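Spelled out, the chains give:
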Amino acid sequence: FLSKQWYQRRVRGKQVSVPPDCKTSIKPPTSAPVPQAPKESPKAPAVTAAPPKENKKKAAKKEKTGQQQKQQKGAQANSAAPADVSRLNMRVGFIRTAKQHPDADGLYLEEIDCGEPEPRQVISGLVKHIPIEEMQQRPCVVLLNLKPAKMRGIMSHAMVMCASSPEKVEILAPPADSKPGDLVTVEGFSGTPDAQLNPKKKVFEAIQPDFLVSPEGHALYKGVPWKINGQVVTAQTMRGCGIK
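Residues numbered from 1 in each chain as written. Predicted model: local features only at pLDDT ≥ 70, side-chain atom pairs only at ≥ 80, totals over all residues. Heavy atoms only, no water.

**Some details on the overall build of the chain**
Counting its secondary structure elements, the chain contains three helices and 15 strands. In the chain, which comprises 244 residues, the share counted as buried stands at 32%. When the accessible surface of the chain is summed, it comes to about 16500 Å², and 53% of that surface belongs to carbon and sulfur atoms. (Helix = DSSP H or I, 4+ residues; strand = E, 2+ residues; numbered from the N terminus. Buried < 20%, exposed > 50% of the residue type's maximum accessible area, 1.4 Å probe, protein only. Areas by Shrake-Rupley, 256 points an atom, 1.4 Å probe, with all protein chains shown as cover.)

Given below as structure tokens:
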């Protein structure tokens, strides 16, 4: 007991003096071990799983559906628009080649550059009016947004616009400096062309009677000239006739 009291009075730090008679009963304090944080094992990099193919297909299908809905809305908006010339997508074309339709004596089968990545295949009933030599390598005006139609077994994807009378037909001439793909415009009619004319609505049939070649040879719609880049579309020799 006495040795313990003496020890308690004397201790002030880690180094202590211990009387000889207390060596066997009292031990100097030792520093407690400092706990060390457990070492963390390195984490493997996270691996992002590739999206399942099914999800990609669903996303593609959803995108396609959205595009179709936009097209349908556009078609509905245009179907409610007035039937005027702005709904026709008429552009400059260039007839690269023309040959006889293999199954119809009165039809030409033409390849026409319309300013698109690929030329369009077009069938025209011009054999009786224009010699095949005059159908080669020449500019023209084409109507592009008619619904493609099969003519004697071959699809036609546009229509060549012509001055027309019961006695004569000739191809309309775009301005000399125009190029394939240039748009035909008519001042005062600034709507957007239909993506494709609905044949059941007979839009072209409602517009066509107002086409006319003037005494000056200008192509007109309701008395207003057709223009390409500000210049007038003309007929070569015909005057005062319709346009088809």
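**Looking at the pairing of strand 2 (residues 108-113)**
Here is the key point about a regular strand: its side chains alternate between the two faces of the sheet. For strand 2, the tally of buried residues reaches five of six residues, placing the bulk of the element in the interior. In the sheet, strand 1 (residues 90-100) pairs with strand 2 via six bridges, with the strands oriented antiparallel. Along strand 2, the bridge assignment pairs glutamine 100 with tyrosine 108. Here strand 2 runs beside strand 3 (residues 120-124); their pairing, made up of five bridges, is antiparallel. In the sheet register, isoleucine 112 faces strand 3, and the bridge partner there is arginine 120. Turn length for the strand 2-strand 3 hairpin, with the two strands adjacent in sequence and antiparallel, is six residues, and the turn residue glycine 115 shows positive phi of about 80°. (Pairing = 2+ DSSP bridges.)

**What to know about the pairing of strand 13 (residues 224-228)**
Inspection of the sheet shows strand 10 (residues 185-186) paired to strand 13 by two bridges, in the antiparallel sense. Within strand 13, the position partnered with valine 186 by the bridge is tryptophan 226. Pairing geometry for strand 12 (residues 219-221) and strand 13, over two bridges, is antiparallel. Its bridge partner lying in strand 13, leucine 220 is registered against proline 225. Between the antiparallel neighbours strand 12 and strand 13 lie two residues, among them lysine 222 with a positive phi of about 50°. With two bridges joining them, strand 13 and strand 14 (residues 231-232) adopt antiparallel strand pairing. Within the sheet, the bridge partner assigned to isoleucine 228 lies in strand 14 and is glutamine 231.

**Examining the sheet that holds strand 4 (residues 138-143)**
Sheet strands line up and pair through hydrogen bonds in the backbone, either parallel or antiparallel. Strand order across the open sheet formed by five strands is 3-2-1-4-7, with antiparallel pairing between neighbours. The strands lining the two open edges of the sheet, one partner per strand, are strand 3 and strand 7 (159-160).

**Here we look at the pattern of salt bridges**
Pairing is possible between side chains of opposite charge, provided their charged atoms come close. Counted under the stated rule, the structure contains six salt bridges. In this structure, aspartate 113 engages arginine 96 in a salt bridge whose closest nitrogen and oxygen atoms are separated by 3.9 Å. Separated by 17 residues along the polypeptide, aspartate 113 in strand 2 and arginine 96 in strand 1 bring together distant segments of the chain. Looking at arginine 96, the relative accessible area reads 33%, which means it is partly exposed. Put simply, glutamate 170 and lysine 168 hold a salt bridge, and the shortest N to O gap is 3.9 Å. Residue glutamate 170 is classed as buried on the basis of its relative accessible area of 7%. Each of Arg96, Glu111 and Asp113 takes part in one network of salt bridges that share partners. (Salt bridge = Lys/Arg side-chain N within 4 Å of Asp/Glu carboxyl O.)

**What to know about the sheet that holds strand 9 (residues 169-171)**
Spatially, three strands are ordered 9-8-15 in an open sheet, and the strand pairing comes out antiparallel. The sheet is open, and its two borders are formed by strand 9 and strand 15 (242-243), each paired with just one other strand. Relative to strand 9, strand 8 (residues 162-164) is paired through three bridges, and the arrangement is antiparallel. From the neighbouring strand, alanine 163 faces strand 9, where its bridge partner is glutamate 170.

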